[in-house]
Amino acid sequence: MSKNKKLWRYMPLIQLLDFLQTKELRFTKADAFEDIQEGYIGLEAILTTLPEDATDDLRLKTKQAIENLNQECFVSCWHLSSSESLAMWKVYGIHNFSVALVSNVGRVMSIGDAYCKNEPVSCVMGEVIYDNYIEDGKANTKAIGCTIKDTKPSLPESVLTLFMKANAYSYEREWRFIIHKSNADEKALAVSVGNLDEFIDAIYVSPEAPDWMVNSIQTLLSVQFNLPNIKVSRSPLSKHFSI
């Protein structure tokens, strides 16, 4: 995959302000996701690949492995697309005071790689594969991620289940960076992005936002955060709405 491919992060304005203030990207623990099927779509497919005479104990241990994985994996989720998505605005920018931050694959990989080199963790990144895994009855284990750091203990193969989602979510076109940390107590990980001017390509304001919001955010970037070179624009999709 080209490192220049665009990545979008749709978020409330307050989350953008936190990001600008801390210069940190939050990686959420997988077991805290709103979708309670995270990881388990792949689990049900994997269970179907076990031998017919597999013991109940083996099936239980397989399920427990996925549950443990979700408690040890931290995920940064992005929308992979060359242009913005109305569906993503509707789902993740659910009110007028929302924004979309644009970066690219190479930059997110770079900050993740830097973190993984200095911490006792393993990392993997790649596109989510959407399928009807349960109906197909088998695990889809084609190459969906590229390990960029492998410490001891090595990255468990069961992490692949976090790249498996149902077809119903295909509009997300999700790209994920996952950090695996054994025996993790944290609810989230904060990863420094360094220079914001280099990390952020652009910021788009919700297509349903009031006109003053664009100028206010641009002024805030210039005056408060000394980031006058980051362009803030109203979403081109605004022409579809009556503001």
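Structure: above.
A short tour of the structure in this document, coming up.

## Focus: the overall build of the protein chain
Across its full length, the protein chain holds 8 helices and 12 strands. Counting all 243 residues of the protein chain, 46% fall into the buried class. Of the contacts formed within the protein chain by residues at least 6 apart in sequence, a portion of 84% connects residues at least 24 apart. Carbon and sulfur atoms make up 49% of the accessible area of the protein chain, which totals about 12600 Å².

## Section: the state of the cysteines
A complete count under the given rule lists 1 disulfide for this structure. Here C116 connects covalently by a disulfide to C123, the sulfurs 1.6 Å from one another. Residues C116 and C123 share a disulfide whose torsion about the S-S bond is about -70 degrees; that sign makes it left-handed. Take C116: its relative accessible area is 0%, and that puts it in the buried class. Here C73 is not cross-linked by a disulfide; its sulfur's nearest cysteine counterpart is in C123, at 9.9 Å.

## Description of the pattern of salt bridges
Here the idea is simple: oppositely charged side chains can pair when their charged atoms come close. As enumerated under the stated definition, the model contains 10 salt bridges in all. Among the salt bridges present, the one from R26 reaches E24, with a minimum N-O distance of 3.8 Å. Under the relative-accessibility criterion, R26 is labelled partly exposed at 36%. Note that K90 and E208 form a salt bridge whose closest N and O atoms lie 3.5 Å from each other. Here the residue K90 occupies a position in helix α4 (residues 86–92), and E208 occupies one in the loop between β11 (202–205) and α8 (212–223), the gap between them amounting to 118 residues. With a relative accessible area of 30%, E208 lands in the partly exposed category. Salt bridges here are not isolated pairs; linked through shared partners, they connect K165, E172, E174 and R176.

## Regarding helix α5 (residues 105–118)
With 14 residues, α5 should reach 20 Å at 1.5 Å per residue; the first-to-last C-alpha distance of 21 Å fits that figure. All buried positions along α5 are accounted for by V105, G106, V108, M109, I111, G112, Y115 and C116.

## Some words on the pairing of strand β3 (residues 73–80)
The buried count for β3 comes to 7 of 8 residues, which makes it a mostly enclosed element. Alignment of strand β1 (residues 6–12) against β3, held across 2 bridges, turns out to be antiparallel. From the neighbouring strand, L7 faces β3, where its bridge partner is L80. As paired elements, β3 and strand β9 (residues 174–180) share 7 bridges and run antiparallel to each other. Residue pairing in the sheet places V75 in a bridge with I178 of β9.

## Overview of the pairing of β9
Taking burial as the measure, the 7 residues of β9 include 7 buried ones, the bulk of the element. Here β9 shows a buried face lined by E174, R176, I178 and H180 and a second buried face lined by W175, F177 and I179. Of the pairings in the sheet, the one linking strand β5 (residues 122–127) to β9 comprises 6 bridges and is antiparallel in character. Within β9, the residue paired with C123 across the bridge is I179.

## Details of the nonpolar core
Membership of the largest hydrophobic core comes to 42 residues, with the highest contact counts inside it found for W175, F177, I179, F199 and I200. Top element by residues in this core is α5. It accounts for 6 residues. In terms of nonpolar packing, the next biggest core, distinct from the first, is built from 10 residues, A30, C73, L162 and F163 among them.

## Re helix α1 (residues 13–22)
Of all the residues in α1, the buried ones are L16, F19 and L20. Each buried residue of α1 sits inside an arc of 95 degrees when the element is viewed along its axis, so together they form one side. Pointing more than 90 degrees away from the buried face of α1 are the exposed residues I14 and Q21. Looking at the buried positions of α1, the neighbouring elements they touch are β1, β2 (24–29), β4 (98–104), α7 (196–199), β11 and α8. Positive phi appears at K23, one or two residues downstream of α1, with a value of about 55 degrees.

What counts, and where the lines are drawn
Residues numbered from 1 in each chain as written. Predicted model: local features only at pLDDT ≥ 70, side-chain atom pairs only at ≥ 80, totals over all residues. Heavy atoms only, no water. Helix = DSSP H or I, 4+ residues; strand = E, 2+ residues; numbered from the N terminus. Buried < 20%, exposed > 50% of the residue type's maximum accessible area, 1.4 Å probe, protein only. Contact = heavy atoms within 4.5 Å. Areas by Shrake-Rupley, 256 points an atom, 1.4 Å probe, with all protein chains shown as cover. Disulfide = S-S within 2.5 Å. Salt bridge = Lys/Arg side-chain N within 4 Å of Asp/Glu carboxyl O. Expected span 1.5 Å × (residues − 1). Pairing = 2+ DSSP bridges. Core = buried A, V, L, I, M, F, W, Y, C linked by side-chain atoms within 4.5 Å. Arc of directions from axis to C-beta.

Any link to function would need more than the numbers given here.
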